[in-house]
Structure formats: C-alpha cells, structure tokens
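Architecture and fold: a report
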Amino acid sequence: MPVLSGGTAFYYKALLEGLFEGPGADAALRAGLEERAARDGPAALHAELAEKDPAAAAKIHPSDARRLIRALEVHAITGRPISERQREWAHFHSDDVEERRRHFFAEPRYPFAMVRIVRGRDDTRSRVAERIARMAASGLRDEARRVWENRDRISRTPLQAVGYKEFFPYFSGKATWEEAVERLRLNTNRLVRSQDTWFRKFPAVEVPMSPDADTEAVADEVAAGALAP
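Conventions and cut-offs
Residues numbered from 1 in each chain as written. Predicted model: local features only at pLDDT ≥ 70, side-chain atom pairs only at ≥ 80, totals over all residues. Heavy atoms only, no water. Helix = DSSP H or I, 4+ residues; strand = E, 2+ residues; numbered from the N terminus. Contact = heavy atoms within 4.5 Å. Areas by Shrake-Rupley, 256 points an atom, 1.4 Å probe, with all protein chains shown as cover. Phe/Tyr/Trp six-rings, centres within 6.5 Å; stacked < 30°, edge-to-face > 60°. Lys NZ or Arg CZ within 6 Å of the ring centre and 35° of its normal. pLDDT = per-residue confidence, 0-100. Salt bridge = Lys/Arg side-chain N within 4 Å of Asp/Glu carboxyl O. Buried < 20%, exposed > 50% of the residue type's maximum accessible area, 1.4 Å probe, protein only. Expected span 1.5 Å × (residues − 1). Arc of directions from axis to C-beta. Patch = residues over 30% accessible without salt bridge, like charges linked within 9 Å, V, L, I, M, F, W, Y side chains within 5 Å. Axes fitted to C-alpha atoms, helices over the stretch in contact; angles between N-to-C directions. Parallel < 35°, antiparallel > 145°, perpendicular 65-115°, else oblique. Left-handed = near helix turned anticlockwise from the far one by under 90°. Lys, Arg positive; Asp, Glu negative; His and termini not counted. Charge placed at Lys NZ, Arg CZ, Asp CG, Glu CD.

**Quick word on the overall build of the chain**
- On a plain count of helices and strands, the chain comes out with 13 helices and two strands.
- A fraction of 61% describes how many contacts in the chain between residues 6 or more apart in sequence connect residues 24 or more apart.
- For the chain, the exposed surface amounts to about 14,800 Å²; the carbon and sulfur share of it is 51%.

**Some points on the packing of aromatic side chains**
- Under the definition given, this model contains seven aromatic pairs.
- For Arg141, the ring lying beneath its charged end belongs to Trp177, and the centroid distance is 3.8 Å.
- If you follow Arg151 out to its NZ or CZ, it ends over the ring of Trp148, 3.7 Å from the centre.

**Some remarks on the confidence of the model for the chain**
- For the chain, per-residue confidence averages 86 on the pLDDT scale, and 88% of positions sit at 70 or higher.
- Within the chain, helix H11 (residues 168-171) carries the highest mean pLDDT (96), whereas helix H7 (residues 97-103) carries the lowest (64).

**A few points about the environment of Arg66**
- Position of Arg66 relative to the elements: it lies in helix H5 (residues 65-78).
- Setting aside residues no more than four positions away along its own chain, Arg66 makes contact with Arg156 and Thr157.

**Quick notes on the pattern of salt bridges**
- Within the structure shown, the criterion is met by twelve salt bridges.
- In this structure, Glu73 and Arg30 form a salt bridge, with 2.6 Å as the shortest nitrogen-oxygen distance. One end of the pair, Glu73, is in helix H5; the other, Arg30, is in helix H2 (residues 27-40), and 43 residues separate them in sequence.
- With a relative accessible area of 0%, Glu73 lands in the buried category.
- With a relative accessible area of 28%, Arg30 lands in the partly exposed category.
- A single salt-bridge network, built from bridges that share partners, covers Arg116, Asp196, Arg200 and Glu206.

**Observations regarding helix H8 (residues 121-136)**
- For H8, built from 16 residues, the straight-helix expectation of 22 Å at 1.5 Å per residue is met to within 8% by its first-to-last C-alpha distance of 23 Å.
- Burial in H8 covers these residues: Asp123, Val128 and Ile132. What you see down the axis of H8 is that its buried residues fit within an arc of 170°, all on one side. Exposed and oriented more than 90 degrees from the buried face of H8 are Asp122 and Arg134.
- Considering only its buried residues, H8 is in contact with helix H12 (177-199).

**Considering the environment of Val128**
- Within the element layout of this structure, Val128 appears in helix H8.
- Along the sequence, Val128 and Val192 sit 64 residues apart, while their C-alpha atoms lie 9.0 Å from each other.
- In this structure, Val128 is in contact with Arg185, Thr188, Asn189 and Val192, ignoring residues within four places of it in sequence.

**Focus: a nonpolar patch on the surface**
- Judged by side-chain polarity, Leu4, Leu15 and Tyr110 come together as a nonpolar surface patch covering roughly 280 Å² of accessible area.
- On the basis of relative accessibility, which here comes to 44%, the residue Tyr110 falls in the partly exposed class.

**Remarks on the packing of H8 against H12**
- Direction vectors running N to C along H8 and H12 enclose 135°, while the axes themselves pass 10 Å from each other. One finds that H8 runs oblique with respect to H12. The two elements H8 and H12 cross, and the hand of that crossing is right-handed. Here Thr124, Arg125, Val128, Ile132 and Ala136 of H8 come into contact with H12, specifically with Trp177, Val181, Leu184, Arg185, Thr188, Asn189 and Val192.

**So, a positive patch on the surface**
- Taken together, Arg121, Arg125, Arg183, Arg190 and Arg193 make up a surface patch of like positive charges.
- If you list the elements that add at least two residues to the positive patch, you get H8 and H12.
- Among the elements that make up the positive patch, the one with the highest residue count is H12 (three residues).

**Observations concerning the side chain of Asn189**
- Of note, Asn189 is situated in helix H12.
- Look at Asn189 and you get buried, because its relative accessible area is 7%.

In structure tokens form, the structure reads like this:
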C-alpha cells in the first residue's frame with residue numbers, strides 16, 4: 001500500500017484524477033517564445049495571449065513568463081485556447097464543498113484515504129522559522145550558491161524554487177545574508193498558506209495537531225480511525 005506524505009496539492013490532483021489533456025512541449029517553438037520574452041519582456045507575450053485567449057490572459061500575471069509561454073505554445077500547436085482545456089478545474093475552485101465533490105474525486109483512479117494535519121498559525125510560523133534555521137546551518141548557503149553559479153546551465157524551474165531564488169540578490173551583492181533569510185521565511189509562509197488553501201479542497205479527515213502533541217499517539221489514532229479499512 002503506497003503511503004504519500006507532503007508534497008503539493010497539485011501532485012495529488014494529478015495522481016488521483018490526472019490533469020487536462022494537452023500537447024507535449026515543442027522545443028523550437030518554446031525556445032522562440034523564451035527568446036521573445038527575454039527580448040521584449042513578458043508583457044508583450046501577455047498582450048498577444050490577451051488577443052488569442054482572453055480567459056487565460058486574465059488569470060496569468062503579465063510577468064509570469066513561464067505560464068504565458070505555455071499558453072501560447074498550446075494555442076500554436078492545437079489552434080485552440082488553453083483555457084478551454086482547463087475548464088475542468090472550475091468546480092475544483094468552488095467554495096461549495098458539495099459541488100466540488102460532485103465533480104471531483106467521485107471516480108478517482110485509485111481508492112484512497114487522505115488525512116490533513118491541521119496546526120495553528122503561530123505554531124506553523126514557528127516551525128517554518130525553525131526549519132529555515134536548520135537549513136541555514138546545514139549547507140543551504142553552499143547549495144544555493146551552486147544553483148546561482150550554474151544558473152545559465154539549468155532549467156528555469158529550480159531557479160524559481162523557494163529556497164534558492166531568495167538568495168540570488170545576496171550572491172549578486174544586492175542583499176545581506178540576513179535579508180535573504182528573512183525573504184525565505186516570508187515566501188515560505190506564503191507558500192504554506194497557498195498550499196493550505198488548496199488542500200482544504202480535498203475530501204480529507206482533518207487531524208488537529210497541537211505544538212506539544214505526541215506525534216506517535218496521533219499517528220496511532222489516525223491509523224486506527226481515519227485510515228482503518
């Protein structure tokens with residue numbers, strides 16, 4: 001029996017239901033769009049997308065080059081707007097729990113049980129700060145520096161990852177180490193809030209976890225209750 005822990009809500013959505021059917025990447029087309037974004041700025045791509053797919057353009061920030069490029073790529077390959085393929089997500093974002101469950105998770109690919117650990121906001125922020133302190137003391141500076149030094153040789157994805165990009169101003173002399181660490185703390189807390197919003201959309205058993213909780217006892221309780229056959 002596979003047990004998955006952590007990760008992002010997007011991973012679980014993809015695993016349990018799949019994502020919209022879309023074409024694969026076209027290397028030459030994508031390279032051309034990336035060149036345009038670098039030369040003319042992402043706003044130029046956003047303006048083009050607004051003409052071809054207003055619905056998608058309304059949801060994508062004018063500076064989000066990665067998503068703009070993908071939307072234009074799909075339109076160029078298929079001749080149809082990417083927004084048409086993403087309509088299946090509309091109910092997923094509904095505030096009506098019953099509506100979401102009527103359209104999602106009714107027939108998942110696999111039977112599953114999901115548990116969501118719920119912590120207080122102050123506890124979560126404290127844990128984020130402690131985790132970042134451990135990372136900073138365990139080689140984060142060297143790891144982020146390696147990404148920075150090889151930024152021209154690796155894909156854009158890791159360059160945008162929380163935990164690396166916050167330190168690029170430090171390596172370029174535009175921020176202090178303390179400022180970079182504080183930026184990482186702020187961005188991590190934003191990421192936590194975003195993921196929490198997504199995970200609340202899943203049919204999951206919520207398990208409260210206090211700062212002084214016995215984690216093994218909570219795990220036993222979950223196994224005996226929420227995950228029982």
